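What the coordinates show
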Amino acid sequence: MQNLFEAIVLGIVEGLTEFLPVSSTGHLLLLGHFLGFESNGKTFEVLIQLGAILAILLVYFRRLLDIALRLRTDPAARRFVVGVLVAFLPAAVIGALLHGFIKGVLFNPFLVCCALIAGGLVLLVVDELELEVKHTDATTFPLPMYLKIGFIQCLAMIPGVSRSGSTIVGAMLLGASKRAAAEFSFFLAMPTMAGAFAYDLLKNYKNLTFDDTMLIVVGFVAAFFAALLVVKTFLDYVSRRGFALFAWWRIIVGAAGLAGLWVFG
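Residues numbered from 1 in each chain as written. Predicted model: local features only at pLDDT ≥ 70, side-chain atom pairs only at ≥ 80, totals over all residues. Heavy atoms only, no water.

**Notes on helix 6 (residues 75–97)**
With 23 residues, helix 6 should reach 33 Å at 1.5 Å per residue; the first-to-last C-alpha distance of 33 Å fits that figure. Those residues of helix 6 not exposed but buried are A77, F80, G83, V84, A87, P90, A91 and G95. Residues of helix 6 that are buried make contact with helix 5 (61–70), helix 7 (99–106), helix 9 (143–153) and helix 11 (178–204). At the N-terminal end of helix 6, a side-chain oxygen is found 2.9 Å from the backbone nitrogen of A76, two or three residues along, and the residue is D74. (Helix = DSSP H or I, 4+ residues; strand = E, 2+ residues; numbered from the N terminus. Expected span 1.5 Å × (residues − 1). Buried < 20%, exposed > 50% of the residue type's maximum accessible area, 1.4 Å probe, protein only. Contact = heavy atoms within 4.5 Å. Polar contact = N/O pair within 3.5 Å; in protein donor to acceptor, adjacent residues only side chain to side chain.)

The structure is reproduced here in structure tokens:
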């Protein structure tokens, strides 16, 4: 029962943080460390992302269906799909090559805390910059810009950096508005998270026990409902308020994590 409760808590945290620039993986690793929650090969933390993926697919279903229906006749729709795939490619290649190193070495609570703090400071700086906005629609970025964002996203392979955070900051530095940058992070999350889910499942499904599977299912359901809440509110919030709240949250969590590691180990 304790493990089920922990799986629910971790699933809620995953859903609430996956699409915010605060690093869901970093939060899960820190929380799991202090709860004493151990998953088989750190697979739980990756596989419950499916809940967040399904949440964003549900929210964007009509828009995705519209793009799919226009693929044959609309060059703009085809160009956007190519752009998302181009942005996804760097993470797919580098993630596959470094999968073992990332999970074996970088999934480290101390490193997570440092990345959370550093990322928070970067967000504070970028949020205050008066950047020239050249692109206000996430579906019409230039193709080279999609590729550059894809490479910047690879920084998030360091737990604590944040996939959405690196994508948003990269897009803004390349001329996207805050809303367009945040929305593209949603679109890019779909193939990136689905790819990580499929790759990790393929690598580890033979090692999963019945108990592991039950915890993953519980975490997945919790992540789904929590992510629905975030996806429906995040774009409007950042358009009005920016990213300072998330930056300070990262710094506080990172500092608290370092203090906890020093006191409790």
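**Some words on the packing of aromatic side chains**
The tally for this structure, following the rule as stated, stands at 13 aromatic pairs. Ring geometry for F141 against Y146: centres 5.5 Å apart, planes inclined by 35°, an arrangement best described as tilted. F141 sits in the buried class, given a relative accessible area of 0%. Ring geometry for F224 against F225: centres 5.1 Å apart, planes inclined by 80°, an arrangement best described as edge-to-face. Taking relative accessible area as the criterion, F224 reaches 18% and is therefore assigned buried. Residue class for F225 comes out exposed when judged on its relative accessible area of 54%. (Phe/Tyr/Trp six-rings, centres within 6.5 Å; stacked < 30°, edge-to-face > 60°.)

**Considering the layout of surface pockets**
In this structure, the largest pocket spans a volume of roughly 700 Å³. Looking at the largest pocket, it is lined by 32 residues, and the ones nearest its centre are Q49, A156, M157, T192 and A196. Secondary structure elements with two or more residues in the lining of the largest pocket: helix 2 (24–35), helix 3 (43–47), helix 6, helix 7, helix 10 (163–173) and helix 11. When residues of the lining of the largest pocket are assigned to their parent elements, the largest contribution, six residues, is made by helix 11. Broken down by class, the residue content of the lining of the largest pocket amounts to 14 nonpolar, 13 polar and five charged. (1 Å grid on protein atoms, 1.4 Å probe; cavity = no way out; pocket = protein on both sides within 12 Å on 5 of 7 lines; lining within 4 Å. Points joined across faces, edges and corners; volume = space filled by probe spheres on them. Nonpolar A, V, L, I, M, F, W, Y, C, P; charged D, E, K, R; others polar.)

**A few points about unusual backbone geometry**
One non-glycine residue, S23, lies in positive phi territory at about 75°. With respect to the element layout, S23 can be found in the loop between helix 1 (2–17) and helix 2. For S23, a relative accessible area of 3% gives the class buried. Not every positive phi belongs to a glycine, and S162 is a case in point at roughly 95°. Structurally, S162 is set in the loop between helix 9 and helix 10. Looking at S162, the relative accessible area reads 3%, which means it is buried.

**Re the nonpolar core**
Among the nonpolar cores identified, the biggest contains 48 residues, and F19, F141, F184 and F234 are the most heavily contacted of them. Looking at this core, the elements that each hand over two or more residues are helix 4 (49–59), helix 6, helix 8 (109–128), helix 9, helix 10, helix 11, helix 12 (210–241) and helix 13 (244–264). With ten residues, the top contributor of residues to this core is helix 11. The residues contacting F234, other than those within four sequence positions of it, are F19, L20, P21, I168, A182, F186, F243 and F246. With 13 residues, the next largest nonpolar core counts L106, V112, C113 and M157 among its residues. (Core = buried A, V, L, I, M, F, W, Y, C linked by side-chain atoms within 4.5 Å.)

**Description of the environment of L10**
Along the chain, L10 turns up in helix 1. On a C-alpha basis, the gap between L10 and L174 in space is 34 Å, while along the polypeptide they are 164 residues apart. Not counting residues up to four positions away in its chain, the partners in contact with L10 are L28, L31, G32, F37, F44 and I48.

**Here we look at the environment of G32**
Following the sequence through the fold, G32 ends up in helix 2. Separated by 22 residues in the primary sequence, G32 and L10 have C-alpha atoms spaced 7.6 Å apart. Other than its neighbours up to four places away in sequence, G32 contacts L10 and F37.

**Description of the pattern of salt bridges**
Under the definition given, this model contains six salt bridges. Residues E18 and R163 are paired through a salt bridge, measuring 3.5 Å at the closest nitrogen-oxygen approach. Highlighted residues: E18 in the loop between helix 1 and helix 2 and R163 in helix 10, separated in sequence by 145 residues. Exposure remark for E18: the relative accessible area of 5% places this residue in the buried category. Across the pair D236 and R179 runs a salt bridge, and its minimum N-O distance is 3.1 Å. (Salt bridge = Lys/Arg side-chain N within 4 Å of Asp/Glu carboxyl O.)

**Some remarks on the confidence of the model for the protein**
This prediction gives the protein a mean pLDDT of 91; 98% of its residues lie at or above 70. Averaged over each element, pLDDT in the protein is lowest for helix 7 (79) and highest for helix 9 (96). (pLDDT = per-residue confidence, 0-100.)

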